[in-house]
Amino acid sequence: RWIRRSHSGIDNGQGQEVNPGARLAQTRRELSPARRIIAAARKRALRNSEYVLIHLGKVGQHEMPSFPALERFLEALYDRGKSNQYVFRLYRELPSPGVVHLSEWNRGQLLRRFAFPEDRRRAQARRFLALIDDMFNANLPIPPEMWTSAIYFSAHISQVVRKQDVAYSIGLWRRMERVTGIGSDAATFAILFNMAVKAGQFTVADRLMEEMSKRGIELTRQTKISTIFYYGVKGDVEGILKAYDEFVSSGEIVDTTVLNCLLSALLRAGEDDLAADIYTQMMERFKELKASPAKAARASQFFPSLAPEYGNYREKTKRLNQLYSKVAELRKVDPEQHRRLQEAVPAVPDTRTFQILLSHCAYKTGDLNAFESYVQDMKEVYQNPPQALVYLLLFQGFARHGQVGKGWTPQRLLDTWNRFRRVLLDSRVRLAKLVEARLGKKHHGNRWEKMQRSTPDIMLSPVVDDIYTPLAMTRSRTGNPGKDAVPNPVGDRDEMQEAEERSEKTQWEDTLAD
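Residues numbered from 1 in each chain as written. Predicted model: local features only at pLDDT ≥ 70, side-chain atom pairs only at ≥ 80, totals over all residues. Heavy atoms only, no water.

(A) Representation of the overall build of the protein chain within the structure. If you tally the helices and strands in the protein chain, you get 25 helices and two strands. Here the protein chain holds 514 residues, and the buried ones make up 39% of them. Here the contacts in the protein chain between residues at least 6 apart in sequence split such that 64% fall between residues at least 24 apart. (Helix = DSSP H or I, 4+ residues; strand = E, 2+ residues; numbered from the N terminus. Buried < 20%, exposed > 50% of the residue type's maximum accessible area, 1.4 Å probe, protein only. Contact = heavy atoms within 4.5 Å.)

(B) Inspection of the packing of helix H12 (residues 221-234) against helix H14 (residues 256-268) at higher detail. At a minimum axis separation of 7 Å, H12 and H14 run at an interaxial angle of 15°. Relative to H14, the element H12 is oriented roughly parallel. For the crossing formed where H12 meets H14, the hand is right-handed. In this structure, H12 contributes Arg221, Ile225, Ile228, Phe229, Gly232 and Val233 to the contact, and H14 contributes Val258, Cys261, Leu262, Ser264, Ala265 and Arg268. Taken together, the residues of the contact of H12 with H14 break down into eight nonpolar, two polar and two charged. (Axes fitted to C-alpha atoms, helices over the stretch in contact; angles between N-to-C directions. Parallel < 35°, antiparallel > 145°, perpendicular 65-115°, else oblique. Left-handed = near helix turned anticlockwise from the far one by under 90°. Nonpolar A, V, L, I, M, F, W, Y, C, P; charged D, E, K, R; others polar.)

(C) Geometry of unusual backbone geometry. Along the chain, Ser96 connects to Pro97 via a cis peptide bond; the corresponding omega equals -10°. One can find Pro97 in the loop between helix H5 (84-92) and helix H6 (104-115).

(D) Layout of the environment of Ala130. Structurally, the position occupied by Ala130 is in helix H7 (residues 122-137). Owing to a relative accessible area of 15%, Ala130 belongs among the buried residues under this scheme. For Ala130 and Ala150, which are 20 residues apart along the polypeptide, the C-alpha to C-alpha distance reads 9.7 Å. Sequence-distant contacts of Ala130, that is, excluding residues within four places in its chain, are made with Phe88 and Arg92.

(E) Fine view of the environment of Gln164. With respect to the helices and strands, the residue Gln164 is situated in helix H9 (residues 163-179). For Gln164, a relative accessible area of 46% gives the class partly exposed. Remark: the alpha-carbon pair of Gln164 and Ser154, spanning 10 residues in sequence, is separated by 9.9 Å.

(F) Quick look at the side chain of Thr148. Tracing the chain through its elements places Thr148 in helix H8 (residues 144-153). Judged by relative accessible area, Thr148 falls into the buried class, the value being 15%. Thr148 has contacts with Thr188 and Ile191, leaving out every residue within four places of it along the chain.

(G) Representation of H5 in the model. Burial in H5 covers these residues: Asn84, Val87, Phe88, Leu90 and Tyr91. Viewed end-on, H5 has its buried residues packed into an arc of 160°, placing them on one side of the element. The secondary structure elements touched by the buried residues of H5 are helix H4 (68-77), H6 and H7. (Arc of directions from axis to C-beta.)

(H) How the structure looks around the pattern of salt bridges. Tallied over the full model, the rule gives 15 salt bridges. Arg89 is paired through a salt bridge with Glu93; the nearest N and O atoms lie 3.9 Å apart. Overall, the relative accessible area of 46% leaves Arg89 in the partly exposed class. Exposure remark for Glu93: the relative accessible area of 38% places this residue in the partly exposed category. The salt bridge involving Arg422 is made with Asp426; its shortest N-O contact spans 2.9 Å. (Salt bridge = Lys/Arg side-chain N within 4 Å of Asp/Glu carboxyl O.)

(I) How the structure looks around the confidence of the model for the protein chain. Residues with a pLDDT of 70 or more make up 68% of the protein chain, whose mean pLDDT is 75. Long-range and interchain partners of residues 1-13, a stretch whose pLDDT sits below 50, account for 17 contacts in this model, where long-range means more than four residues apart. Under a pLDDT of 50 for its full length, residues 46-63 has, in the predicted model, 21 contacts with residues more than four places off or in other chains. (pLDDT = per-residue confidence, 0-100.)

(J) Quick look at helix H23 (residues 410-439). Look at H23: 43 Å from first C-alpha to last across 30 residues, which is about the 44 Å you get at 1.5 Å a residue. Among the residues of H23, Asp415, Thr416, Asn418, Arg419, Arg421, Leu425, Val429 and Ala432 are the ones counted as buried. (Expected span 1.5 Å × (residues − 1).)

(K) Structural context of a negative patch on the surface. Together, Glu271, Asp272, Asp273 and Asp277 give the surface a local cluster of negative charge. Inspection of the secondary structure puts Asp277 in helix H15 (residues 272-291). For Asp277, a relative accessible area of 44% corresponds to the partly exposed category. (Patch = residues over 30% accessible without salt bridge, like charges linked within 9 Å, V, L, I, M, F, W, Y side chains within 5 Å. Areas by Shrake-Rupley, 256 points an atom, 1.4 Å probe, with all protein chains shown as cover. Lys, Arg positive; Asp, Glu negative; His and termini not counted. Charge placed at Lys NZ, Arg CZ, Asp CG, Glu CD.)

(L) Spatial organisation of the packing of aromatic side chains. Taken as a whole and assessed by the stated rule, the structure comprises 19 aromatic pairs. Pairing Tyr279 with Phe354 gives two aromatic rings, centres 6.4 Å apart and planes at 80°, and the pair type is edge-to-face. You can see Tyr279 sitting in helix H15 and its partner Phe354 sitting in helix H20 (residues 351-365), a full 75 residues away along the chain. Comparing Tyr279 with Phe354, the two get one shared label, buried. Counting every residue linked through ring pairs, the aromatic cluster contains Phe73, Phe88, Tyr91 and Phe114. Between Arg175 and the ring centre of Phe136, over which it is positioned, the NZ or CZ distance is 4.5 Å. A cation over a ring is seen here: Lys234 above Phe202, with NZ or CZ 5.9 Å from the ring centre. (Phe/Tyr/Trp six-rings, centres within 6.5 Å; stacked < 30°, edge-to-face > 60°. Lys NZ or Arg CZ within 6 Å of the ring centre and 35° of its normal.)

Here is the structure:
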C-alpha cells in the first residue's frame, strides 16, 4: 500500500508532494533488512526442510495427520545420509498403503528419491515398483515421468531382461494409457523397444516400431542406437550397416556410445574383423589427441567417462546424449558447423569399450593373447586402470576355457589368483595409511600388513609387464617330477611350516570374508 500511494503522488503528511521515484527508492531501502531476514529464513527452511514438514505438519495449505511412525519416516526421507533401504523399511511401518498418509509434496519427494537412486540395483527397482503399485491402488495421480521410470525399472527386476519382464512392462504401459489416460511419448517407446530387443522379443519390437510410425512419433537418438543393436542381436550384418548409415545421414553425432553399440552388434553377428578395424580407428584417434595437447584441450568437454563406476558413466553419457540430440537438425541448417562439431567429438575408447572387448574374449573366443593386448591398451588410456573389471573377466575366462582354450592353464590361474590377492592387500594397506594420515586414527589395516609379511614370497613377487608369472612345478608323489605334477606356489615345506601356512590360509579366508 505504501508503494501504491507513492506512485499516486500523495503528499508526505506535511503538505509536500513526494516524487514517486524517490519514494519508491526510499521504500526499497527501508524494506531491504526485511528482505534479507526473509531470504535467510528461506535458506534455513530449505536446510531443515524435514523440520518444517514434520513439526509444522503442513505443505502448502493442506495439513496431514502426524504420528510417531510418520515422523520417523519423514525425517529419514529428507536425510540424504540415509539409505533407500532404510527409508523404505520405515515406509513399510506406515499403515498400508503408506502413500495415503503423505501430503502431495511428500509423495512427490518420495517418488523422485526412489526413481533416481545412486545405484540401479534390482532391489531399487522392486522398491520403486512397490511404490507405484501403492499409488495406483490408492487411486492417487501418478506423473507421466514416474510411469516412464516404472516401465524402465520393470526391466531391472532380474539380472537379465526376460520375456516375462517385457510382458510386465507392456502391462504397465497399457495401464498408463488405458486406465489413467496418459499418452506415451518417444522416451516411453524407446525404453520398451530396448527391452524387447534385449529379451529377444523381435516381434514385439517390430510392433512397437509400427505403433510409433502410426502415431507419428519420431525416433529419438537412443531409439536409433537401439536399432543398430537390434540387428546385431538378430545377426543381420547388412541390417547393422544400414541402420548405422541411416543414423549418420539423419544428422546425428557419432560419438563413443554409438561406436560401442556398433562394436557390440558386430561382435554378436560374428563380424570380429570389422569390429577390430573399428576399435583400431578408435585407438588411433586417441593417440592423435594424446599427441596434440591443443586438440585434446578442445575435445576434453566431449570426452566420455573413463571412470570404472558405472553410475558416473551413465550420468555423463546421459548428459552428452541430451546435448547431441539438440544438434541433430544442425546439418540441414549449417552443414559446415555440423561437420566441425563432429570432428570435435572424440570417438575414443572408454570404460564400456574395453568391457565389450574383454567380455568377448573371456566368454566367447577364449583368445588370451587378444585379452592381454586389450589390457595393455587399457593401461595406455587409463591413468588408473579398473583392475576389478580385468580380474573378474579373467576368472570368467578361466571358468569357461580352463584346460581347453590355449593359454588358460592351471599355472596361470594360480598366479592370477595370487596377484589378485596382492592387489587386495596393497589396496587395503594404502587405504589404512590414508585414513591414518588424514584423520589421525588407527585403522585395522595393520593386520593386512602382518599378513602381507607372512604371505609366501612367491605370492608377493614383483609385478612384471606380463599378466602372468611362470610357477615352479612340484615333485610327484614318488619324489621326481612327473606328468601328474601340479603347480605349488609354496614348494616343499616341513610339517611345522605347513601347519603355519594352513593357519595363515584360514586367517586370509576370514579376512577376505570380512
